[in-house]
Amino acid sequence: MPIVESNDVTDPNPMTSTAATATASAAPEPAVLVLEDGRIFRGTSYGATGTALGEAVFATGMTGYQETITDPSYARQLVVQTAPHIGNTGVNKDDAESRRIWVAGYIVREAARRPSNWRSERSLDEELAEQGVVGIQGVDTRAITRHLREHKTMRAGIFSGDAVGTDKELLDAVLASAPMEGSRLAEEVSVDEAYIVEPKDWGWDGEPRFTIAAIDLGIKRMTPIRFAERGVRVHVLPATATLADVQAVNPDGFFMSNGPGDPATADNQVKLLRSVLDEKIPYFGICFGNQILGRALGFGTYKLRYGHRGINQPVMDRRTGKVEITSQNHGFAVDAPLEGATQAPEERFGRVEVSHVSLNDDVVEGLSCLDIPAFSVQYHPEAASGPHDAAYLFDRFIDLMADAAPKSAAAATTSTESKTEDKK
Amino acid sequence: MPKRTDLKSVLVIGSGPIVIGQAAEFDYSGTQALRVLKEEGLRVILVNSNPATIMTDPEFADATYIEPITPEVVEKIIAKERPDAVLPTLGGQTALNTAIALDKNGVLEKYNVELIGANIAAIELGEDREKFKGVVERCGAESARSHIIHTIDEALAAAEDLGYPMVVRPSFTMGGLGSGLAYDESDLRRIVGQGLQYSPTSEVLLEESILGWKEYELEMMRDKNDNVVVVCSIENFDPVGVHTGDSITVAPALTLTDREYQRLRDISIAVIREVGVDTGGCNIQFAVEPSTGRVVVIEMNPRVSRSSALASKATGFAIAKIATKLSLGYTLDEIPNDITQKTPASFEPTLDYVVVKVPRFAFEKFPAADPTLTTTMKSVGEAMAMGRNFTEALQKALRSLEQKGSQLDFSHVPEWEVAELIEKAKRPTTERLHQVQRALLGGATVEQLFEATKIDPWYLDQLQLLNEISAEIRRAAALTPEMLTRAKRHGFSDEQIGALTHNSEDVVRGVRQALGIRPVYKTVDTCAAEFAAYTPYHYSSYDEEDEVALHAKPSILILGSGPNRIGQGIEFDYSCVHASMALRKAGYETVMVNCNPETVSTDYDISTRLYFEPLTLEDVLEVIAAEERTGGVMGVFVQLGGQTPLKLAQQLADAGVPILGTSPEAIDLAEHRGAFSRVLDKGGLISPKNGTAVSFDDAKKIADEIGYPVLVRPSYVLGGRGMEIVYDEPNLSRYIANATEITPDHPVLIDRFLEDAVEIDVDALYDGTEMYLGGIMEHIEEAGIHSGDSACVLPPITLGNNVLERVRAATLAIAEGVGVRGLINIQFALASDVLYVLEANPRASRTVPFVSKATGVQMAKAAALIGTGVTINQLRSAYKMLPETGDGSTLPLDAPVSVKEAVLPFSRFRTMEGKVVDSLLGPEMRSTGEVMGIDKHFDTAFAKSQAAANNALPTEGKIFVSVANRDKRSVIMGVKRLSDLGFEIVSTGGTADVLRRNGIQATPVRKVAEGSSAEGEGTIADLIVAGEIDMVFNTPSGGEARSDGYELRAAATSIGVPCITTVAEFNAAVQAIEAQRTYEWSVTSLQEHAASLAASQNAAQAAAGVPQNA
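Residues numbered from 1 in each chain as written. Chains lettered and ligands numbered in written order. Predicted model: local features only at pLDDT ≥ 70, side-chain atom pairs only at ≥ 80, totals over all residues. Heavy atoms only, no water.

## Considerations on the overall build of chain B
Convention followed: Numbering of helices and strands starts at the N terminus; helices are DSSP runs of H or I of at least 4 residues and strands are runs of E of at least 2. We compute the radius of gyration from the C-alpha atoms alone; for a globule the expected value is 2.2 Å times N to the 0.38, where N is the number of residues. The buried label goes to any residue with under 20% of its type's maximum accessible area, the exposed label to any with over 50%, and the partly exposed label to all in between, with areas taken from a 1.4 Å probe on protein chains only. Any two residues whose heavy atoms approach within 4.5 Å at even a single point are treated as in contact. Note on areas: Shrake-Rupley with a 1.4 Å probe; residue coverage comes only from the protein chains shown.
The helix and strand inventory of chain B stands at 38 helices and 39 strands. Scaling as 2.2 N^0.38, a compact globule of 1110 residues should have a C-alpha radius of gyration of about 32 Å, and chain B matches this with 29 Å. Going through the 1110 residues of chain B one by one, you find that 64% of them count as buried. Nonlocal contacts in chain B, meaning residues at least 24 apart in sequence, comprise 70% of its contacts between residues at least 6 apart. Total accessible area on chain B stands at roughly 38,200 Å², and carbon and sulfur atoms take up 50% of it.

## Side note on the overall build of chain A
Helix and strand counts for chain A come out as ten helices and 20 strands. Restricting the contact set of chain A to residue pairs at least 6 apart, pairs at least 24 apart contribute 76%. Carbon and sulfur atoms make up 48% of the accessible area of chain A, which amounts to about 13,900 Å² in all.

## What about the domain arrangement of chain A?
Residue and element names in this part refer to chain A. Heads up, the rule is: Boundary definitions for the domains trace back to an automatic or database domain assignment. As used here, buried area is the combined drop in accessible area, with a 1.4 Å probe, of two parts when they are placed together. Only one rule defines a salt bridge in this text: a Lys or Arg side-chain nitrogen within 4 Å of an Asp or Glu carboxyl oxygen. Two N or O atoms count as a polar contact when they lie within 3.5 Å, although within protein this holds only if one can serve as hydrogen donor and the other as acceptor, and sequence-adjacent residues are included solely when both atoms are side-chain atoms.
Partitioning chain A into structural domains gives domain 1 (14-175) and domain 2 (186-407). The straight-line distance from the C-alpha centre of domain 1 to that of domain 2 is 29 Å. Each side of the interface is counted separately: domain 1 has 31 residues, and domain 2 has 22 residues. For the pair domain 1 and domain 2, the summed buried surface comes to about 2,000 Å²; carbon and sulfur atoms form 46% of the total. The residue E55 makes a salt bridge to K303 at a minimum N-O spacing of 2.6 Å. There are 14 residue pairs in polar contact (both at pLDDT 80 or more) connecting domain 1 and domain 2. Contributing elements (two or more residues each) for the side of domain 1 that touches domain 2: β3 (40-59), α1 (65-69) and α3 (141-151).

## Some words on a negative patch on the surface
As a reminder, the rule being used: Surface patches are drawn from residues lacking salt bridges whose relative accessible area is over 30%; two like charges belong together within 9 Å, two nonpolar side chains (Val, Leu, Ile, Met, Phe, Trp, Tyr) within 5 Å. His is not counted, nor are the chain ends; Lys and Arg add positive charge and Asp and Glu add negative charge. Charge placement uses NZ in Lys and CZ in Arg. For Asp and Glu, CG and CD serve respectively.
Residues B:D654, B:E665, B:D668 and B:E671 make up a contiguous surface patch of negative charge. In terms of residue count, helix α24 (residues 664-671) of chain B provides more of the negative patch than any other element does, three residues in total.

## Some thoughts on the packing of aromatic side chains
Threshold: Centre distance within 6.5 Å is the pairing criterion for rings of Phe, Tyr and Trp, where only the six-membered ring of Trp is used; planes under 30 degrees apart are then read as stacked, over 60 as edge-to-face, and the remainder as tilted. Whether a charge lies above a ring is judged from NZ of Lys or CZ of Arg, which has to be within 6 Å of the ring centre and within 35 degrees of the ring normal.
Inspection of every chain in the model, using the stated rule, returns 27 aromatic pairs over all chains. Judged by centre distance (5.7 Å) and plane angle (85°), the ring pair of B:F363 and B:F909 falls under edge-to-face. One end of the pair, B:F363, is in the loop between β15 (354-360) and β16 (381-387); the other, B:F909, is in the loop between β33 (897-903) and β34 (929-935), with 546 residues separating them in the sequence. Every member of this aromatic cluster is reached through a ring pair, and the members are A:F227, A:F255, A:F284, A:F375, A:F394 and A:F397. For A:R100, the ring lying beneath its charged end belongs to A:W102, and the centroid distance is 3.9 Å. It is B:K454 that lies over the ring of B:F450; its NZ or CZ is 5.0 Å from the centre.

## Side note on the sheet that holds strand β4 (residues 85-87) of chain B
Residue and element names in this part refer to chain B. Heads up, the rule is: Strand pairing follows a simple DSSP-based rule, namely that at least 2 bridges must link the two strands. Axis geometry follows a simple rule: fit a line to the C-alpha atoms, using only the stretch in contact for helices, then measure angles between N-to-C directions, giving values from 0 to 180 degrees.
Read from one edge to the other, the open sheet built from five strands follows the order β3-β2-β1-β4-β5, with strand pairing classed as parallel. Bordering the open sheet on either side are β3 (63-65) and β5 (114-115), each of which pairs with just one other strand. Packing of helix α2 (residues 71-81) onto the sheet brings it into contact with β1 (9-13), β2 (43-47), β3 and β4, and relative to β2 it is tilted by some 160°.

## Here's the deal with the confidence of the model for chain A
So the rule is basically this: Confidence of the predictor at the level of single residues is captured by pLDDT, which takes values from 0 to 100.
Taken as a whole, chain A shows an average pLDDT of 91; of its residues, 89% reach a score of 70 or greater. pLDDT under 50 marks residues 1-25 of chain A. Its contacts with residues more than four places away, or in other chains, come to 51 contacts.

## Remarks on the interface of chain B and chain A
The line we're drawing: Under the scheme applied here, ten amino acids are nonpolar (Ala, Val, Leu, Ile, Met, Phe, Trp, Tyr, Cys and Pro), four are charged (Asp, Glu, Lys and Arg), and all others, including Gly, are polar.
With 69 residues of chain B in contact, the opposing surface of chain A contributes 56 residues. In this assembly, chain B packs against chain A so that about 5,100 Å² is buried in total across both faces, 45% of it on carbon and sulfur atoms. Across the contact surface, chain B and chain A share 16 salt bridges. Put simply, B:E545 and A:R39 hold a salt bridge, and the shortest N to O gap is 3.4 Å. On the surface where chain B and chain A come into contact, there are 40 residue pairs in polar contact (both at pLDDT 80 or more). Looking at which element gives the most residues to the side of chain B that touches chain A, the answer is helix α9 (residues 258-275) of chain B, with nine residues. When its residues are assigned to classes, the side of chain B that touches chain A shows 26 nonpolar, 17 polar and 26 charged.

## Quick word on the side chain of B:T1035
All names here are of chain B. With respect to the helices and strands, the residue T1035 is situated in the loop between β38 (1031-1034) and α36 (1040-1055). With relative accessibility at 4%, the residue T1035 sits in the buried group. Within polar-contact distance, the side chain of T1035 engages the side chain of D967 at 2.8 Å.

## Observations concerning the packing of α24(B) against helix α25 (residues 673-682) of chain B
A pair of packed helices can be characterised by two numbers: the angle between their axes and the separation between those axes. Residues and elements named next belong to chain B. To be explicit about the condition: Working definition: roughly parallel below 35 degrees, roughly antiparallel above 145 degrees, roughly perpendicular at 65 to 115 degrees, and oblique for all remaining angles.
Here α24 crosses α25 at 90°, and the two axes come no closer than 5 Å. As the angle between them shows, α24 and α25 are arranged roughly perpendicular. Facing L669, A670 and E671 of α24, the residues of α25 in contact are R673, A675, F676 and V679. Along the lines of polarity and charge, the residues of the contact of α24 with α25 split into five nonpolar, no polar and two charged.

Have a look at this one:
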């Protein structure tokens, strides 16, 4: 199976530059998790020893830890896994969602001693250690989760081995680290060079039906695959791409991916999207791409108390009234009126409606433009990890391109002919 | 889209008696359903023959029919009640089959009744193996590959495709005859060769073997808008080959990557849509090949199932409640999640803990049965535990089983034993977990055990981890905080740590508590703490943060009854639930402690707080401590959950815990022989002559003194375990030698056995001054058959007033003498008009729910209030919980007659040779459940009870009679009556001679011992198997005839023909058969019975000049 390998795998980790000394530990050493508000949890080290600083967030998926740690949207975050056992199925080549582990630090209750799965190639512990990711195990992850829920996500640090100092020193280090608000990270996780994902490599027989330009703001490997399976050729472009770069691939559609950081800092991408929308090129955005559409339309974004990170999140598609169980990973959300069609503050884009909404807390989970061919969702229809309920959105985008793009009308077919949703 | 407005009344079909494979979980789901339907304002009609259920409490439905769940009876109920709809998906396979029958025979159409929660087409697609294979294929998934063959050559060709081993199943044979597993070509030639012979169509199905694959199950919900969610994934510790109900299971699945899990989820959703499950729950089982990940769909259940109950308890997602709402037209997003209150039910629960369920077996009750675990379920109950990791949950679950040896044993394993353990572990039995763990402890590798068992290496490694920790504990210089913390985090009990460190459990506990190493209590919240939880549903873990909230009032703890087992089942859960309801209503905060996922008591909204915990002293003391530190404890009820909590009474009292109701001293008075005989003496009562022996010489002396036959049993008895009637000295010697370990601490009790005595059971309440006699039950079978296996009738049908008076006086004397505060159950025997006291149990009994249903008085609720100091007088006058005057011993003559009948599991158990085990009744209890028949008179009530017990008596046909010499006199009248009614009587040997001399034309048939004749005339066993006999009446005798009797009872049991083994029951059956032929059955709800009983009592009082209750 081809793997999206377009960037330097050994690229140094910009997010944990606050000092991970990558040494795999034989016997577990003491490790400490220090939260910004002074709460401390003590456990033992997991993966690499050293220091990891970042924003502490919790993720509730019971499966998919490998996808989670390799999801670029988790860059500079210390991820608490609420699932009780982590590492049971080891790690393998196929399930990585990007070229490396992105979580800045990893917090688990019970780490597997021995992986067991027919696809396992090595243990998670080894993988974390090799990639210099500092983790902690044996802590009360539920207590940490409850704390984050009640006191909102906050900065934190994991310290192990020689990095363990006095509690005061550790807390000072946490307080000196950068907050997530105002962080511009997409460019840091994005690829430097463009690459192409071809439908024929993903089970599509025949000529591609459409070509799209996809901006990598932290794109997950599965996203272009979901397009390719449906006969869509994907030009993955760096986060710094310009309108000219986009137009150079002559796309039928334009896509912006998920990614880390504060959407309020993504002025360049907002500008790019506005210019693409002005060209009437159909647009689809996922996650960060949803927030950028929101901003392009003139809405604001805001930080959620503790975010949505899990694979059990119910969302209603207001067009059909159906509920889909979705994979989510977002700490920010779009601030748009929930009810009915409203005029976009950027008036030239016409009317917009909130197409999808979280049933847990009424957060905006999708936007749909009524007068221009553009829509986006805050969650992850590519679903790696997570359920495949929202895979129809890729078909919806294909329909949008088919309706909007007379130039490739010959190639256009309806989405009902698309390949099965889940080849892999 | 809100709920439908066109439905005004719904008939819910229950699941009937507790049997293996269909147990208390359906009371849990049914009760939830009834509560929802009532809340939604519908008129609710229920049919269920099981009186021990909460769902058959009159308050849960508008019309409660305790009637046999047969299409004929349900039709009568439909004709009478005219419901708009029938809800059949919450009553197990019984309800579903009944609904299918009602559809097929046109009843639903005739009365214009809609089936909700399921549709017939979907049920058929889900249940028909061949059709289901088509479904799976259309969903793009695989079933196990198979070929149908008619010749050996075809079989060999098929083998090329399927590979060995291979399952061979001849078509259209009974009970799996000729099936087998072929490991190579010679096996295949042999088994297929026989199979082609056995199959009437010379057809054999060959299927690829998926034995040893990983097994998973997904619990799903779907609403009418096609929203589908997975409630829970469950992974079997035991690979394919062991029934899920007999396997250790784990939730969530722990050894799947997300891709593999999502593949199962995708298939499940496609299947539920393709099958067309409209609304509600279903589950789908998968096998996954461990080396390749290939997925095969095994089967689906298009209804709420045993696993649904487990999934509900494991996740907090109330499957039955939500399924019921969906059937009324709600969608998942319209139903709030009770636990978070703010979020909807249209989500998938996520767990931050591990759930382990372990089965509880009863093979000791069936010594002849083959203990190999197969795809036929044999466990009688289960315990579930939660922990923050697998090891903690597993060890908690194992100690929840409350069986000797259920906890893992870390004592030294000699090297020579390792190979033997590995060899033994190849065959799945109840011992396999222990064999595997001990083999690892003895030095075997995970790879060796994986090879032998195919248990996933991850789980094997977890057992290895426990072994390593046991070594650390053993090596520790002292009970250090580090060692104790580590041990506790992996679920070691104080007792296990004590055994490893040569300390007593108490010492370990003392040190541990002094070091502050205590469990915290986490909350089951469906969402891994993403949202705040509003339901205090807790489990313990040795982790950091405690979540028990402060409470304003001191709490009352109710200790439940643990896993269901023969002798202690759902009846005790009934009493616990009633107590909790009554106490909450009276304004108390109640706390339930239990570990049985099948029960109503472990539903999170029955009590103020629920602790899902083992019922050992250690675990209970920690719960009490948690309650103490968050607001105080008023006291603990130990008298409701059976022996499980009762045996903790003294230790809890010693620890300073207030015991509510009957005191530990009083309990001891009733349980201790010497003390109890003084109570009897004081009351002028007698018990059968008895003695206590610690050696054979002792025993012989006692038996000689009191005379044979004697009843012998170990001093510590549950459900008649190890009890036997011994007729002579050689047998006494055998019993003492084999059956018991005799020590001065564990003596053998020897009682005179009263032959031909009438056994009487009484349940009563006592508050210290006044007694309320709940009911007097007359057993149908004579004394000597365990009371739990005997049918009984209330009010008594052959006991005179004078006897009832004596029973009443004796009950009062015992209640007073023992010092009961609350419930007491006493068993009497009446022999030659002398009343003997057999035993007294100062606790809720198995019969409390039956008495409550039969008399309309809620005994357990009353007992709970007595425990808080309320008097019987107050219960009569102020609480209106007991009748103002009179009690269960003064029922009017026109009161309805209720019969309780036991349901026995013999057909589940096979001997090593593959035959059914013997169905003879004896002093050891073996029934798993019970049913009730209620009607105006005994004969019809008895007939109903037999029909309800799946043992419907014939109204015509052939009856086989063969009785022991001592019974020949007493059966003539009955057999004559049947003959006069037109039955053909078939008989053998001496019985046939006796019948003929009495003018009964009995057709002689060959005995089993005689074998088939040269002309091919079969024996009686052959006739029974061929379905030519409609009822078997056989009483056992000693010697050669005994084996003959076994053969024909086994034949009857294996094909489900009624088989009567006592004269008393035969005579009752004759009455019932005649009644069935004479009267049309009518159906009457409990509410109607109660109203007519009240009217009759009022009339009687008015006649007697007693002022009437307004």
